[in-house]
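Residue-level structural notes
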Amino acid sequence: MKPAVPEPSPPPEGAAAVLPPALSDAPIRLHARKNGFMSQPETQAQVQHAQPSVGSIAAHRPRTVAAAGSDLAPDIDADLDAYEESQVDGVQLPQGRFLDRERSWLAFNERVLELAEDPNTPLLERANFLAIFASNLDEYFMVRVAGLKRRIATGVATRSASGLQPTQVLEMIWARSRELMARHAACFHEDVAPALAKEGIHLVRWSELTEKEQARLFTLFRQQIFPVLTPLAVDPAHPFPYISGLSLNLAVVVRNPVTGHSHFARVKVPPLLSRFLESSPGRYVPLEDVIAAHLEELFPGMEVLEHHTFRVTRNEDLEVEEDDAENLLQALEKELMRRRFGPPVRLEVEESIDREVLDLLIRELKISEAEVYPLPGPLDLTGLFRIHSLDRPELKYPKFVAGTHRDLAEVESASPPDVFAVLRRRDVLLHHPYDSFSTSVQAFLEQAAADPDVLAIKQTLYRTSGDSPIVDALIDAAESGKQVLVLVEIKARFDEHANIKWARKLEEAGCHVVYGLVGLKTHCKLSLVVRQEGDTLRRYSHVGTGNYHPKTARLYEDLGLLTADPQVGADLSDLFNRLSGYSRRETYRRLLVAPKSLRDGLISRINKEVQNHRAGRPAIIRIKVNSMVDEAIIDALYRASQAGVPVDVWVRGICALRPGVTGLSENIRVRSILGRFLEHSRVFVFGNGGEPEVWIGSADMMHRNLDRRIETLVRVVDPTHRAYLNRLLETGMSDSTASWHLGPDGEWTRHATDADGQPLRNIQEMLIDARRRRRGTATP
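Residues numbered from 1 in each chain as written. Predicted model: local features only at pLDDT ≥ 70, side-chain atom pairs only at ≥ 80, totals over all residues. Heavy atoms only, no water.

Comments concerning the overall build of the chain
Counting its secondary structure elements, the chain contains 21 helices and 27 strands. The 780 residues of the chain split such that 61% are buried. Entry remark: accessible area of the chain is about 30,200 Å², with carbon and sulfur atoms responsible for 51%. (Helix = DSSP H or I, 4+ residues; strand = E, 2+ residues; numbered from the N terminus. Buried < 20%, exposed > 50% of the residue type's maximum accessible area, 1.4 Å probe, protein only. Areas by Shrake-Rupley, 256 points an atom, 1.4 Å probe, with all protein chains shown as cover.)

This is how it looks when you write it as structure tokens:
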């Protein structure tokens, strides 16, 4: 196999790595950790994150299903495990070799912002990326910043792997996020909004409306808005009201004309109403402007002196002590109620706010000045999701409808493919959203539910849609007498309410519903179907990198393997028995499973590439993940680079690995790709002496994935599939493909054009066009 980059000679014996001066001598004193669970006891505060979609990813709430963000979701759980590398071959790796993960996440969201700033991005997609940026940052503050503040307050926060003290990290977050939020607002006001206006989409304020428009909105206000508003006064008889997280609010100052006394009141902007109201065709005004223009209706007989918009972000992380919970479902429901009252971590205000009103908010919310973000209105640009939904296809990415995978149907037809018949002949490697989810994974489960020869279905559900055909198929299977086991991860962040609802619905239908293992989240993506075929039972399996979510499957890039391979079927049977019972199996045939074998399995394969290179055999490492944070994995990659092994890392979000450092990582390249689809798949390719070994699965390279979750990787054995995945990663890492490049200083540089100013190839558009060519609909 031809490596993607030349194989340099190993550094001279004893050569020292040269780190950027500002970071090379940062002291790091961290506790040792064995691969797998921590070797030292954890405090209660440290394990509360047993658990988010840049990645994104808030990414899974209805208003944030979009391509480049959070899960857009970027991975922002607290990584509390400490790590200290051990010497290997007598070589001590240098301190300061890890980039700061918080700065790296902010850099990820900056890449999202760059897509919004790019005039070559379709205009409504630019508005969408502005909304994604805002949604990502909301989730980041709700979870990551809130968790960091809590750990600082309780005294359990320690120096990060990058060498920064917790308070330094927090101050960096405040400063950097302030810069990015200002840039985000400028992009909207100075660039995107004027461009939208030129296309007939006017985002205006109340003062810009005509009298006719104002009259029309007054009627709308009286009929549909006024009845749901609740003004709350603040005085000795009325304490300062609770301000719910992420809600828009009006701080209103009124005066009693009789007494001359001024009073403060708060009016909440109803979250269930449309964020932007259409005043006339093509003209949209923020809802809070309409409310503010009619405050006299809410305070009759009073003089409205001033009003200001503000917004609070609260700690919305969960803390469920599973060991003490007799019923995890009930414990989680109680915690969800408590989460509504988490402490504030950010206060956004319009920059024109009166200082006395701001001081009152700071005092009553018990928030610091550093956590106040003055911005030009309107606040909360996640409302631009509403604008992106307008029916203006010429201002969006060209429409793409995925077709049936060619192995499942040689010719497109109205009848669904017989998935079981295909899998008896060959494995099928799916690549969503380029391959249809509904005619592959969904069809697989629907056929299993309807097939009288199917005896049992076992399924993991981490996230799914509210009207999920997957859930419907499982219910149909149970009601027809099949044995159905569903492992519902009810702690999937921000989908907890939905998952509780579906868990109960599945139980009522007769499914066996379990919630996994205490202290571990079940994040793996697995389906197992057991079918009677003559005198034998055959097992059919699906192992994926993404959730069983038909809607996000059209927006998230993911991989999945459908197979009837007996080894995979046996592995899934063993793993489901472990998840639902008391099995202690830790080794599998074609799976690597966290928290026991996945990290060790990957490190052993990285080390094997070092041996192959030293023996003169082909050696290369290619990895595609959402996040690269785990220090043990990163150190193994550093040592592979020091030995001369080329290492390519394609990461969407956070990356703590520092590439291109002389004597340490000069053989490592790191790239990031963001676009219309959220890059979500995880792929691991090892040269293996000329016979590439390829794995796909659910695990990112983070402590939470490798230590506190059930994750799986499956080995891909079909030579055609291995070649496809290797080409995919090679193409993504190519200098002729548009991407961001990570430098040794932690800075990302966008490479979108070549030396002549011509656009570099877009890998997502290449894959779309490849599917279109198969159907004879390729773009000219």
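Alright, that's what it looks like, and here's the rest.
So, the pairing of strand β11 (residues 454-461)
Residues in a regular strand point their side chains to alternate faces of the sheet. Burial within β11 is extensive, with seven of its eight residues counted as buried. The pairing of β11 with strand β15 (residues 525-533) spans five bridges and is antiparallel. Within β15, the position partnered with isoleucine 457 by the bridge is valine 529. Pairing between β11 and strand β12 (residues 483-488): six bridges, direction parallel. (Pairing = 2+ DSSP bridges.)

Some points on unusual backbone geometry
Look at the link from glycine 377 to proline 378: it is a cis peptide, with omega at 0°. Note the cis peptide between alanine 594 and proline 595, where omega equals 10°. Counting through the fold element by element, proline 595 comes out in the loop between β18 (591-594) and α17 (598-614). Notably, lysine 366 is not glycine yet its phi reads approximately 55°, a positive angle. Among the secondary structure elements, lysine 366 is positioned in the loop between α10 (355-365) and β9 (372-375). Residues other than glycine seldom take positive phi values, yet aspartate 380 does so here, at roughly 60°. Its location among the elements puts aspartate 380 in the loop between β9 and α11 (384-388). By relative accessible area, aspartate 380 is classed as buried at 12%.

Here we look at the sheet that holds strand β6 (residues 283-286)
Spatially, β1-β6-β5 is the arrangement adopted by the three strands of the open sheet, whose pairing is mixed. With partners counted over all chains shown, the strands left at the sheet margins are β1 (202-203) and β5 (276-280), one partner each. Bridge count for β5 against β6 is four bridges, and the pairing is antiparallel. Counterpart to leucine 277 in the pairing with β6 is valine 285. Each of β5 and β6 is contacted by helix α6 (residues 211-225), which is oriented at about 135° to β5, the strand it contacts most. (Contact = heavy atoms within 4.5 Å. Axes fitted to C-alpha atoms, helices over the stretch in contact; angles between N-to-C directions.)

Section: empty space enclosed by the protein
Quantified by volume, the second largest cavity comes out at close to 180 Å³. For the second largest cavity, the lining is made up of 17 residues, of which His184, Glu348, Leu375, Asp380 and Leu381 are closest to its centre. Elements with a minimum of two residues in the lining of the second largest cavity: α4 (123-154), α5 (166-198) and β8 (344-350). The residue inventory of the lining of the second largest cavity, partitioned by class, reads 10 nonpolar, two polar and five charged. (1 Å grid on protein atoms, 1.4 Å probe; cavity = no way out; pocket = protein on both sides within 12 Å on 5 of 7 lines; lining within 4 Å. Points joined across faces, edges and corners; volume = space filled by probe spheres on them. Nonpolar A, V, L, I, M, F, W, Y, C, P; charged D, E, K, R; others polar.)

Points about the packing of α17 against helix α18 (residues 631-642)
Axis separation between α17 and α18 bottoms out at 9 Å; the angle between their running directions is 5°. Considering their axes alone, α17 and α18 lie roughly parallel with respect to each other. Touching Arg599, Leu602, Ile603, Ile606 and Val610 of α17 are Ala632, Ile633, Ala636, Leu637, Arg639 and Ala640, all from α18. Residue classes in the contact of α17 with α18 are distributed as nine nonpolar, no polar and two charged. (Parallel < 35°, antiparallel > 145°, perpendicular 65-115°, else oblique.)

A few points about the packing of α4 against α5
The description of two helices packed together rests on the angle between their axes and the distance between the axes. It is at 11 Å that the axes of α4 and α5 come closest, and there the two elements cross at 165°. Relative to α5, the element α4 is oriented roughly antiparallel. Of the two possible hands of crossing, α4 and α5 adopt the one that is left-handed. Class assignment for the residues of the contact of α4 with α5 results in 23 nonpolar, three polar and three charged. (Left-handed = near helix turned anticlockwise from the far one by under 90°.)

Quick look at the packing of aromatic side chains
Following the criterion strictly, the structure yields nine aromatic pairs and no others. Between tryptophan 105 and tyrosine 140 the ring centres are 4.2 Å apart and the planes differ by 5°, which places this aromatic pair in the stacked class. With tryptophan 105 in helix α3 (residues 101-117) and tyrosine 140 in helix α4, this pair connects stretches of sequence that are 35 residues apart. Just as tryptophan 105 is buried, tyrosine 140 falls in that class too. Taken together, a centroid distance of 6.3 Å and an interplanar angle of 90° make the contact between tyrosine 140 and phenylalanine 141 edge-to-face. For the pair tyrosine 140 and phenylalanine 141, one class covers both residues: buried. Among the aromatic residues, those joined into a ring-pair cluster are Trp105, Phe108, Tyr140, Phe141 and Tyr373. (Phe/Tyr/Trp six-rings, centres within 6.5 Å; stacked < 30°, edge-to-face > 60°.)

Side note on helix α21 (residues 763-774)
Helix length check: α21, at 12 residues, gives a terminal C-alpha distance of 17 Å against a target of 16 Å (1.5 Å per residue), a fit within 8%. Along α21, the residues classified as buried are Ile763, Gln764, Leu767, Ile768, Asp769, Ala770, Arg771 and Arg772. For α21, the elements touching its buried residues are β10 (428-432), β20 (647-651), β22 (678-679) and α20 (719-733). Between a side-chain oxygen at the N-terminus of α21 and the backbone nitrogen of glutamine 764 the separation is 2.9 Å; the capping residue is asparagine 762. (Expected span 1.5 Å × (residues − 1). Polar contact = N/O pair within 3.5 Å; in protein donor to acceptor, adjacent residues only side chain to side chain.)

Some thoughts on the sheet that holds β8
Ordered in space as β2-β4-β3-β7-β8-β9, the six strands form an open sheet in which the pairing is mixed. Edge positions in the open sheet fall to β2 (232-234) and β9, since each of these has one partner strand only. Looking at each pair of strands side by side, their axes are set apart by 30° on average, direction ignored. Bridge count between β2 and strand β4 (residues 262-268): three bridges; the pairing is antiparallel. Counterpart to leucine 232 in the pairing with β4 is arginine 266.

Topic: the environment of glycine 687
Within the secondary structure layout, glycine 687 lies in the loop between β23 (682-686) and β24 (693-697). Using a relative accessible area of 0% as the deciding quantity, one classes glycine 687 as buried. Put simply, glycine 687 and proline 646 are 41 residues apart on the chain and 10.0 Å apart in space, counted from C-alpha to C-alpha.

Structural notes on α10
Along an α-helix, a turn takes 3.6 residues, which lines up residues three or four apart on a common side. Listed in full, the buried residues belonging to α10 are Val357, Leu358, Leu360, Leu361, Ile362 and Leu365. Here the buried face of α10 lies against β3 (248-255), β4, β7 (303-314), β8 and β9. Sitting at the head of α10, aspartate 354 places a side-chain oxygen 2.9 Å from the backbone nitrogen of glutamate 356. Two residues or fewer after α10 comes lysine 366, characterised by a positive phi angle close to 55°.

Observations regarding the nonpolar core
Counting residues in hydrophobic clusters, the biggest one holds 121 residues, and the most contacted among them are Ile291, Met628, Leu637 and Met701. Looking at which element gives the most residues to this core, the answer is α4, with 14 residues. If we skip the residues at most four places from it in the chain, methionine 628 touches Ile623, Ile633, Ile634, Leu637, Val649, Val651, Ile654, Cys655, Ala656, Leu657 and Met701. Val422, Ala448, Val471 and Leu562 belong to the second largest nonpolar core, which has 40 residues in total. (Core = buried A, V, L, I, M, F, W, Y, C linked by side-chain atoms within 4.5 Å.)

Focus on the pattern of salt bridges
This model, assessed by the stated rule, comprises 49 salt bridges. For arginine 622, the salt bridge identified is with aspartate 648, shortest N-O distance 3.6 Å. With arginine 622 in strand β19 (residues 621-625) and aspartate 648 in strand β20, the pair connects residues that are 26 residues apart, well separated along the chain. Neither residue differs from the other here; arginine 622 and aspartate 648 are each classed as buried. Ionic contacts of the salt-bridge type, sharing partners, join the residues Asp138, Arg275, Glu288, Arg311, Arg346, Glu348 and Asp380 into one network. (Salt bridge = Lys/Arg side-chain N within 4 Å of Asp/Glu carboxyl O.)

Limitation: the analysis is restricted to geometry and does not speak to function.
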